[in-house]
Amino acid sequence: MSQLKVDSIIPRTGVATGQGGGVVQVITKSFNALVSTTLSTYKEVSSSFRASIVPKNGNNKIIIIVNFGNVSAIANTTTFRIYKNGTTFVNEPNSTTDNRNGNAAVYAAEYMNPTTIIVSEKAVNTDERYYSPFYRINSDTTSGGGAGVATINTYRLSNSWRTTSHITLIEVSGEEWC
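Because the structure is a prediction, the values reported are computed rather than measured.

Moving on to the overall build of the protein. Each helix and strand counted, the protein has 0 helices and 12 strands in total. Secondary structure of the protein in N-to-C order comes out as β-β-β-β-β-β-β-β-β-β-β-β. Residues classed as buried in the protein amount to 42% of the 178 residues present. In the protein, the proportion of contacts linking residues at least 24 apart, taken out of those at least 6 apart, comes to 80%. Surface accessibility of the protein: about 9400 Å² in total, with carbon and sulfur atoms responsible for 48%.

Tallied over the entire structure, the rule returns 2 salt bridges. Across the pair R50 and E44 runs a salt bridge, and its minimum N-O distance is 2.7 Å. Note that K84 and E121 form a salt bridge whose closest N and O atoms lie 3.3 Å from each other. Of this pair, K84 sits in strand β6 (residues 77–84) while E121 sits in strand β9 (residues 113–122); the two residues are 37 residues apart in sequence, bridging distant segments of the chain. Assigned by exposure class, K84 and E121 land together as buried.

Glancing now at the environment of I170. Among the structural elements, I170 can be located in strand β12 (residues 165–173). Considering only alpha carbons, one finds I170 and V24, 146 residues apart in sequence, at a separation of 7.5 Å. In this view, I170 contacts V23, Q25, V26, K61, I62, I63 and I65; residues no more than four positions away in its chain are not counted.

For the rest of this paragraph, the subject is unusual backbone geometry. Unlike most non-glycine residues, N85 shows phi in positive territory, near 55°. Under the relative-accessibility criterion, N85 is labelled partly exposed at 35%. In this structure, N153 takes a positive phi of about 75° despite not being glycine. If you trace the backbone, N153 turns up in the loop between β11 (150–152) and β12. Exposure remark for N153: the relative accessible area of 0% places this residue in the buried category.

The next point concerns the environment of T116. Following the sequence through the fold, T116 ends up in strand β9. Assessed through its relative accessible area of 45%, T116 is described here as partly exposed. Expressed as a C-alpha distance, the spacing of T116 and V66, which sit 50 residues apart in the sequence, is 5.6 Å. Among all residues touching T116, those that are not within four sequence positions of it are I65, V66 and N67. Side-chain polar atoms of T116 contact the side chain of N67, separated by 2.7 Å.

Counting 27 residues, the largest nonpolar core has V45, I64, F68, F80, Y131 and I167 as its most contacted members. Those elements giving two or more residues to this core turn out to be β4 (51–53), β5 (61–73), β6, β8 (104–107), β9, β10 (129–137), β11 and β12. When residues in this core are grouped by element, the largest group, 6 residues, is from β5. When residues no more than four places from it in sequence are discounted, the contact partners of I64 are I82, V90, I117, I118, V119, S120, Y131, I167, T168 and L169.

Cut-offs applied
Residues numbered from 1 in each chain as written. Predicted model: local features only at pLDDT ≥ 70, side-chain atom pairs only at ≥ 80, totals over all residues. Heavy atoms only, no water. Helix = DSSP H or I, 4+ residues; strand = E, 2+ residues; numbered from the N terminus. Buried < 20%, exposed > 50% of the residue type's maximum accessible area, 1.4 Å probe, protein only. Contact = heavy atoms within 4.5 Å. Areas by Shrake-Rupley, 256 points an atom, 1.4 Å probe, with all protein chains shown as cover. Salt bridge = Lys/Arg side-chain N within 4 Å of Asp/Glu carboxyl O. Polar contact = N/O pair within 3.5 Å; in protein donor to acceptor, adjacent residues only side chain to side chain. Core = buried A, V, L, I, M, F, W, Y, C linked by side-chain atoms within 4.5 Å.

Any functional reading would require information beyond the geometric quantities listed.
This is how it looks when you write it as C-alpha cells:
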C-alpha cells in the first residue's frame with residue numbers, strides 16, 4: 001500500500017496573507033521575428049509578442065520578465081517600457097516626463113546586446129490583461145544621438161545573428177511576494 005505525506009496543500013489561487021506563498025501560474029511566449037523602429041516615440045514591439053494572463057487572486061503579484069535575444073542600434077540608445085493592456089506603464093521611473101525614461105535603456109552603438117527587463121505589479125483584480133514591451137530609438141540630437149534605427153532579434157537588420165526573445169508572466173501568492 002502506498003502513502004502520500006505532505007505538509008500542506010496550497011489552493012490554486014494562492015495562500016492567505018501570512019501563510020507563505022508560491023508560484024500560482026506561469027505564462028511564456030516566444031518571438032523570433034526581426035523588428036525595427038526609427039521612431040523616437042514608443043511603439044509596441046509587436047502585437048504577436050503580447051502575453052495574457054487571468055490572475056487567480058487580486059492580492060497576488062504578477063512578475064513580468066522580458067528577455068530580448070539581441071538589441072542593436074546604430075550609434076543610439078534604445079529605451080524600453082512594459083505596458084499593461086497597451087496603455088498602463090508598469091513600474092515607471094520617478095520621472096516619466098522625459099521620453100527617454102523607461103524600464104531599461106540600451107546603448108547599442110554597433111553592438112549586439114541581449115537585454116532582460118523584470119518588472120512587477122499587484123494583480124488588484126482577476127480581470128484578464130496582457131503585457132507587452134514597447135520601444136523607441138533615441139534620436140534626440142540634444143543628447144548626443146542622431147537619426148538611427150533600433151533592431152530586435154538581429155544585428156542591424158541583417159539575416160545573420162538572429163535570435164529569439166521571450167516574455168514570461170509569473171503569478172505569485174503570499175505576502176513576502178506581494
